[in-house]
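Analysis of the macromolecular model
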Amino acid sequence: MHTSLPDFDMPNEEQVHLAAESFRLLSDPTRIKILWALLQGESSVACLAELADAAPTAVSQHLAKLRLAGLVKGRREGTFVYYSAADEHVRRLLTEGLFHADHIDRDDQPSPAGRHVS
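Report follows, based on the coordinates.

1. Remarks on the pairing of strand 2 (residues 80–85)
Examined bridge by bridge, strand 1 (residues 72–77) and strand 2 share six bridges and lie antiparallel to one another. Bridging from a neighbouring strand, R76 pairs with V81 of strand 2. Taken together, strand 1 and the strand that follows it, strand 2, pair antiparallel across an intervening segment of two residues, in which G78 is found at a positive phi of about 65 degrees.

2. A word on the pattern of salt bridges
Under the defined criterion, the tally for this structure stands at four salt bridges. Residue E21 pairs with R24 through a salt bridge whose shortest N-O separation is 2.6 Å. Placement of both E21 and R24 in helix 1 (residues 13–25) is noted, with a separation of three residues, approximately one turn of the helix. Since its relative accessible area comes to 28%, E21 is described here as partly exposed. Note that R75 and E42 form a salt bridge whose closest N and O atoms lie 2.7 Å from each other.

3. Section: the environment of D53
Within the element layout of this structure, D53 appears in the loop between helix 3 (45–52) and helix 4 (56–68). Judged by its relative accessible area of 71%, D53 is exposed. Residues D53 and I34, spaced 19 residues apart in sequence, show a C-alpha to C-alpha distance of 9.8 Å.

4. Observations regarding the side chain of S43
Here S43 lies in the loop between helix 2 (29–40) and helix 3. You can call S43 buried: its relative accessible area is 7%. In this structure, S43 is in contact with L38, L48, V81, Y82 and Y83, ignoring residues within four places of it in sequence.

5. Brief notes about the nonpolar core
If you look at the biggest cluster of nonpolar residues, it comprises 22 residues, and the most contacted ones within it are I34 and L63. Looking at this core, the elements that each hand over two or more residues are helix 2, helix 3, helix 4, strand 2 and helix 5 (88–102). No other element matches the five residues that helix 2 contributes to this core. If near-sequence neighbours (up to four positions away) are discounted, L63 is found in contact with I34, L38, V45, L48, V72 and Y83.

About the thresholds
- Residues numbered from 1 in each chain as written.
- Predicted model: local features only at pLDDT ≥ 70, side-chain atom pairs only at ≥ 80, totals over all residues.
- Heavy atoms only, no water.
- Pairing = 2+ DSSP bridges.
- Helix = DSSP H or I, 4+ residues; strand = E, 2+ residues; numbered from the N terminus.
- Salt bridge = Lys/Arg side-chain N within 4 Å of Asp/Glu carboxyl O.
- Buried < 20%, exposed > 50% of the residue type's maximum accessible area, 1.4 Å probe, protein only.
- Contact = heavy atoms within 4.5 Å.
- Core = buried A, V, L, I, M, F, W, Y, C linked by side-chain atoms within 4.5 Å.

Pasting the structure below:
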């Protein structure tokens, strides 16, 4: 059916797995705040902790996971590490996610209690 379409193309298993892992890591509000701050420029753990309203140890743990997933990178300067978003793809991914959140039709969304909001 779909395979008869001339431009139909499914992602391979590795692409799907890596994309799912990135989305999983972005499912945490603190990580979104950290990434958004890093999209504004390079930052230290202490500064990110203040911006994300989180403990520095928690921010360090979040950064370690984001770094392993290739979403952030670090630059060492003496005893400090300064973090930044890994690339322009991260900016587009986060910007689209936040843009989508701004355009969700909340009149058709279930409330946290399972009732529809109207």
